[in-house]
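Each chain is listed here by its residues.
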Amino acid sequence: MPPMAQIAPPHREAEQVGLARNLGLLDVTMVGVGAMIGAGIFVLTGIAAGPAGPALILAFALNGVVTFVTAMVYAELGSAIPEAGGGYLWIKQGLPAWNGFLAGWMSWFAHAVAGSLYALGFGAYLGLVLRGLGLVPSWIPEAYLAKALAVGVALLFIGVNFKGVSETGKVGNIVTLAKIAILGVFIVSGVAAIARNPVYLEKFTPFATGGVTGVLTAMGLTFIAFEGYEIIVQAGEEVRNPKKNIPRAIFLSLAIVVPIYMLVAFAAMGAVEPGTDQPTWKWLAEHAELGLAEAARQFMPFGATLLLLGGLFSTMSALNATTFSSTRVSFAMGRDRNLPDAFARIHERTQTPYLALVASGALIIFMAVAIPIQDVAAAADVMFLLLFLQVNIAVIVIRKRYSDKLDYGFLMPFHPVLPAINIGLIGFLALFMLHFSVVAWFFVIGWVAVGLLLHRVYAFPREREEDLTPIILHEQPAPRPDRPRVLVPIANPRSAKTILDFAARIARPVNGQLVLLHIGTVPPQTPLTCGRRALERIRSTVEGAREMTEKLELESESIVRLAHEPWRAIVDTVEDHKIAITVMGWRGRRRAPETMIGGNIDRVLKYANCSTLVIQQGVPVPARRVLVPVADIDNASLLLSIGRLLRDDSDGQAQITIVHVLSPGVSVEQSEARVAKLREALQRPGLFDPEDAPISLQDERIELKTSKAADVVRSIADRSRNADVLVLGSSRANWLKRVVVGQRPYRIARRSACPVVMVAPRTPGVRFTAQTFFHFFREEPER
Amino acid sequence: MSLEDLVRAGVTLPQAQWGKRRVRSTVNKPAFVAASVLAIFSAALMYWGDGRWVTWLGAALFLVSLFSTAGLCLHATETQDGGAAQADAKRGGA
């Protein structure tokens, strides 16, 4: 086998190793929106109403301004340097080493304390529910109950993150949409209530009851509700087209979230009737973290329930996210030897950074227990403000040093004036919080002082010089158009031989190339770039597959890809390597009823931009009796091509049987017309035949049989008793047919007496689900 | 991290292109200034409106400035490479 083409420094891995890019623009925007609309708005609106009064709306707007400038900084740096560490790494690049350490140290604290805030918020919301249900004795003080529940939920999510479970993907999007929906109903209900009673607008006068001081205090308190978009950058390694999509997602997130916050404040302030002479903002402040829930009780249908549910889900989701992010930061610091190596240790079984997780969890619980929620909020806000201040400094330095060497997807205007102004604003806001909470600044200063000491005596002497990132992506030469590439994802070494044999039969006639894909699955809590253990687990599979392909005497290459979801790695490889056909194995059992053949295969069939063959375990390669049911005449040639590749041509005795089943109501004339059309389609040159070489059914021992049957499934299943393999194809079907006949193709595969090969042709611009994949059994062809 | 680290991470331009591009934001600067001024002006209206109609006018203008600024930045992401390429062409190319 010729050596693989490699362009790599000598100390890199021998295989090509790459990362799977999961997230498109919508996905990553939802990540940002979901991270921003966390528990902050639910928990802090009531608390911040006290200092600002109705001018809370203005405080949110001004926070939007400050945040937007920092967001432009993140957009600029995130488009050029989309690293998992985000702000932490940029500060390391732009500022002196001790700053880099301090940024990580502060970021760890900031995310952990934010987690404390969300845990306390959860505790308050759940406490309200339990009291309402009479499950908690009234003599237990609210604050103690909230803290106890906060500790409980923090421990729960430490466990969740330890197991490697994550609220990502579909579940995360559902939670984000639910939060937005609940806030949307809150806003609409509140605005409607105000519209019905225009006199409610008088509640907004006086507007800035706390003056400028009150507005600034509310800005400082609620600043944490505006952070979260930086997670977009932290997910950069998994974003498609990161240069463009990272900055776009950041701006879109802010354009969505800031108006929502302003409207929430408007509705909360204007639609509530306190029932006493006190102004609404005082009433909200008295209810503190439960202010929004109490407000919703008044004017929103099922308001209390929905807001409580929204608050519970938001706080849980935000706590999960902050546990995750604080763990990742401390893990990165351990990996970089800024913290003890134990922080970089990954658990053998769960593949999660468990010691970093325990340390982060301990910090979360300590802060939740030690100080009141207002001070926790203030501490988190101050820390985030100081972090963002450093990032604003870093962008100035990085632009000065590297701007002509980096490829930017976005550049902020009026540089360095704009970041300089923002540094002033952020610094002022952070200092101003001293006015609100001395305790918060006590913890902040204490944490920073400990960090500086730690750096001096421990981290600085240990800092490594070399890059510890174990995985890099090897660039590949572009494939030659005349060499079709056949992709074979290898997961199970036992079934690999069958799949490889078949893939080789596809590749050989056309002088094609095999591309073996090995996927190391990494839990969501662990950055993909740190999936070394996942690589080690699949090393024997990689070597075994390489030995098998050597015997096939075909040119091949191996790709090792790390992914949180295997199907993404396959789809990305199809795209990156211009794959013509993907050949996958299938055990033949479905895990969940809602998937036809398995979550990963379903998604590959849906999203991969190539023809896909799925081979059931047990398919003999080659086979002597191949059965090919054809319903969609357009696919007949492709199915026959696959059948011919499967057939054993060693002794000229193997047979291919094409079956076309018609409904009993079809007339003789229609039947003859269809058969003629089918025969013509079958005689067209196959997938791998020269264009001027039509197929002779007789010469090739291809038998065409037609029949009429009311029960198509049974008819095909009966015939499969006399076959060694069944080749099934896909076709387009409208949604109604999919709903009505959705299960029929699967029933055929399940009832088949022989193993099955499924064939999904490449149809650009059309997405197939596994259901449409199987929808080829219809009486009349679809147009 | 050093320049070598950035190179190894694969985030830099090819070395032959270093120093040959003029780094310039493609955000429409006059429009950006106008949107920023509108944001500050609208915030002032909100404050001094004291909860009356001027406050709500200010809030509406603020949202206009927010969406405008976001739109300008989004548009800039479309043209950032093109801007650099034009600068290259003017200076004799990379």
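Structure's up top.
Here we summarise the structure given alongside this text. (Residues numbered from 1 in each chain as written. Chains lettered and ligands numbered in written order. Predicted model: local features only at pLDDT ≥ 70, side-chain atom pairs only at ≥ 80, totals over all residues.)

Scanning chain A from terminus to terminus reveals 27 helices and 11 strands. Here chain A, with 783 residues, has 58% of them falling under the buried criterion. (Helix = DSSP H or I, 4+ residues; strand = E, 2+ residues; numbered from the N terminus. Buried ≥ 20, exposed ≤ 12 C-beta atoms within 10 Å, placed from the backbone.)

Okay, helix α24 (residues 712–719) of chain A next. Owing to its 3.6 residues per turn, the α-helix brings residues three or four apart onto one side. For α24(A), the full list of buried residues reads A:V712, A:V713, A:I716 and A:R719. Within α24(A), the buried residues cover an arc of 135 degrees as seen down the axis, which keeps them to one side. (Arc of directions from axis to C-beta.)

Residue and element names in this part refer to chain A. Within strand β3 (residues 513–521), eight of the nine residues are buried, leaving the element largely enclosed by the surrounding structure. Note: strand β2 (residues 485–490) against β3, six bridges, orientation parallel. Counterpart to R485 in the pairing with β3 is Q513. Both β3 and strand β4 (residues 556–563) contribute to a ladder of eight bridges, which runs parallel. Residue G520 lies in a different strand from β4, and its bridge partner there is L562. (Pairing = 2+ DSSP bridges.)

Turning our eyes to something else, we now look at unusual backbone geometry. All names here are of chain A. The linkage connecting T205 with the following residue, P206, adopts the cis geometry, with an omega of 0 degrees. Secondary-structure assignment places P206 in the loop between α7 (169–196) and α8 (211–222). If you check the backbone angles, K578 has positive phi at about 50 degrees while not being a glycine. Locating K578 in the fold gives a position in the loop between α20 (566–576) and β5 (581–586).

Once that is clear, we can look at the interface of chain B and chain A. Between chain B and chain A, the residue contacts involve 38 residues of the former and 42 residues of the latter. For the side of chain B that touches chain A, the secondary-structure elements that each account for two or more residues are α1 (3–8), α2 (29–48) and α3 (53–90) of chain B. Ranked by residues supplied to the side of chain B that touches chain A, first place goes to α3(B) with 13 residues. Residues belonging to the side of chain B that touches chain A are distributed by class as follows: 22 nonpolar, nine polar and seven charged. (Contact = placed C-beta atoms within 7 Å. Nonpolar A, V, L, I, M, F, W, Y, C, P; charged D, E, K, R; others polar.)

All names here are of chain A. Closest axis-to-axis distance for the helix α3 (residues 56–80)/helix α10 (residues 242–271) pair is 9 Å, and the angle between their directions is 170 degrees. The orientation of α3 relative to α10 falls into the category roughly antiparallel. For the pair α3 and α10, contact is made by L56, I57, F60, A61, G64, T67, F68, A71, Y74, A75, G78 and S79 and by K243, I246, P247, I250, F251, L254, V258, Y261, M262, A265, F266 and M269, respectively. (Axes fitted to C-alpha atoms, helices over the stretch in contact; angles between N-to-C directions. Parallel < 35°, antiparallel > 145°, perpendicular 65-115°, else oblique.)

Residue and element names in this part refer to chain A. A large share of β2 lies buried, amounting to six of its six residues. A two-sided burial pattern is seen for β2, the buried positions comprising R485, L487 and P489 on one face and V486, V488 and I490 on the other. Pairing of β2 with β5, which is carried by two bridges, proceeds in the parallel orientation. The residue of β5 that forms the bridge with V486 is I581.

All right, on to the environment of A:G729 then. All names here are of chain A. You can see G729 is positioned in strand β10 (residues 725–729). Accessibility expressed as a C-beta count within 10 Å gives 25 for G729, which makes it buried. For G729 and D632, which are 97 residues apart along the polypeptide, the C-alpha to C-alpha distance reads 8.1 Å.

Treat this as a map of the structure, not an account of what it does.
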